[in-house]
Amino acid sequence: MPTAILADDERLMRDQLRMRLGQVWPELDIIGEAKNGEEAIELVDQLKPDFAFLDIRMPGKTGMEAAAAIGNKSNVVFVTAYDVHAVEAFERGAVDYVLKPAEPERLQITVERLKHRLSAPSGAGGADVNASVTAMLSQLAEKIAAPKKTYLQWIQASIGQDLRMIPVEEILFFRSDEKYTCVQTAKYEALIRKPVRDLAEELDPDLFWQIHRATLVNVNAIEGVTRDIRGRHLVLIKDRSDKLEVSRSFLHLFKQM
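In this text the structure is predicted, and so the values were computed from the model without any measurement.

Asks: Please set out the packing of aromatic side chains residue by residue, giving values where relevant.
Replies: For any pair of aromatic rings, the description rests on two quantities: the centre-to-centre distance and the angle between the ring planes. Applying the stated criterion across every chain yields a total of three aromatic pairs. With 5.7 Å between their ring centres and 70° between their planes, Trp 209 and Phe 254 make a pair best called edge-to-face. Placement of Trp 209 in strand 11 (residues 208-212) and of Phe 254 in the segment after strand 15 (243-246) is noted, with a sequence separation of 45 residues between them. For the residue pair Trp 209 and Phe 254, the accessibility class agrees, reading buried in each case.

Asks: An account of the sheet that holds strand 13 (residues 222-227) is needed here, citing residue identities and associated values.
Replies: Strand order in the open sheet formed by three strands is 13-14-15, with antiparallel pairing between adjacent strands. Both edges of this open sheet fall to strand 13 and strand 15, since each of them pairs with a single strand only. Across this sheet, the average inter-strand angle for adjacent strands is 30°, counted without regard to direction. Taken together, the four bridges between strand 14 (residues 233-237) and strand 15 define a ladder with antiparallel strand orientation. Directly across from His 233, in strand 15, lies its bridge partner Val 246.

Asks: So what's going on with the environment of Asn 75? Residues and values would help.
Replies: Relative to the elements of secondary structure, Asn 75 occurs in strand 4 (residues 75-80). Each C-alpha atom, one on Asn 75 and one on Pro 49, is 8.4 Å from the other, the two residues being 26 residues apart in sequence. Each residue touching Asn 75, except ones within four places of it in the same chain, is listed here: Asp 50, Phe 51, Ala 52, Val 95 and Arg 117. Within the structure, the side chain of Asn 75 is placed 3.0 Å from the side chain of Arg 117, a separation counted as a polar contact.

Asks: Which residues make up the pairing of strand 11, and what values do they have?
Replies: Counting buried residues along strand 11, four of its five residues qualify, which places the element largely inside the surrounding structure. A loop of two residues connects strand 11 with strand 12 (residues 215-218), the two strands running antiparallel in sequence.

Asks: Outline the pairing of strand 10 (residues 189-192), supporting the account with residue identities and numerical values.
Replies: Every second residue of strand 10 is oriented toward a common face, the buried set being Ala 190 and Ile 192 and the non-buried set Glu 189 and Leu 191. Two strands pair when backbone bridges link them, and strand 9 (residues 180-185) and strand 10 are joined in this way by four bridges, in the antiparallel orientation. If you follow Cys 182 over to strand 10, its bridge partner there is Leu 191. Connecting the antiparallel pair strand 9 and strand 10 is a turn made up of three residues.

Asks: Report on the packing of helix 2 (residues 37-47) against helix 3 (residues 63-70), specifying residues and quantitative values.
Replies: Contact geometry of helix 2 with helix 3 gives a least axis separation of 9 Å together with a crossing angle of 25°. For the element pair helix 2 / helix 3, the angle class is roughly parallel. Seen along the crossing, helix 2 lies across helix 3 with a hand that is right-handed. Within the contact between the two elements, helix 2 uses Gly 37, Ile 41 and Val 44 and helix 3 uses Ala 66, Ala 69 and Ile 70. Counted by class, the contact of helix 2 with helix 3 contains five nonpolar, one polar and no charged residues.

Asks: Hey, could you go over the sheet that holds strand 5 (residues 96-99) for me, with residue numbers and the actual values?
Replies: Strands sit in the order 2-1-3-4-5 across an open sheet of five strands; the sheet is parallel. Only two strands of the sheet have a single partner each, and these edge strands are strand 2 (29-34) and strand 5. Strand-to-strand, the axes of this sheet are offset by a mean angle of 20°, without reference to chain direction. Sitting on the sheet, helix 2 is in contact with strand 1 (3-7), strand 2 and strand 3 (51-54), with an inclination near 145° to strand 2. Strands in contact with helix 3 are strand 3 and strand 4; relative to strand 3, the strand with the most contacts, it is inclined by about 160°.

Conventions used here
Residues numbered from 1 in each chain as written. Predicted model: local features only at pLDDT ≥ 70, side-chain atom pairs only at ≥ 80, totals over all residues. Heavy atoms only, no water. Phe/Tyr/Trp six-rings, centres within 6.5 Å; stacked < 30°, edge-to-face > 60°. Helix = DSSP H or I, 4+ residues; strand = E, 2+ residues; numbered from the N terminus. Buried < 20%, exposed > 50% of the residue type's maximum accessible area, 1.4 Å probe, protein only. Pairing = 2+ DSSP bridges. Axes fitted to C-alpha atoms, helices over the stretch in contact; angles between N-to-C directions. Contact = heavy atoms within 4.5 Å. Polar contact = N/O pair within 3.5 Å; in protein donor to acceptor, adjacent residues only side chain to side chain. Parallel < 35°, antiparallel > 145°, perpendicular 65-115°, else oblique. Left-handed = near helix turned anticlockwise from the far one by under 90°. Nonpolar A, V, L, I, M, F, W, Y, C, P; charged D, E, K, R; others polar.

Pasting the structure below:
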């Protein structure tokens, strides 16, 4: 049975990758998870997995640095939200490079490459891998050259009689409140007139998930998900008592939990 480890500093991203790998390659045994590059290196040394799925941006040692330390001990696949690292990834000897969110269709291509790597005799199949890498880099180059959508970086909100510019990274969640939308940070609550449906189109979808027609939540602020006695799914916010209801149409975001 082929084995692998996952390394990502965000647990939700690890859970999502584990779930989607399970869908496209049920035989793959995920034997360990790491929160940073150092842990990934240790897991590879201890468990000797066939594959190591590494996020590139992690605290401490990055995925690139971890891959350099891992060397030939495991086949590396980079999974990241940033396509600007593509060329360097393959210079590090990666078998593949997958952009977040890792969609099942794209992971299926990765799985076929990994299976080919396992089945090919030592030193064989290199030409096929190089050809696929060249084709992928060409596609990434076109994507990088294309204009990229820009997302809101700041929210101008009212606090009493004052206006404040709030970096979107500091916002825990947005929730509609009749005529206004509540902007909740760790320190204070503010109000804006822009509706949630407009914010959902203007904010980075990798940072803010819409979990209800009236609610957007910062992924990094999610502590977990629970159910109440009525069977409703509720998102828990780190270091706060808030519980945000998840509507049925957005439950797929939490199927891995």
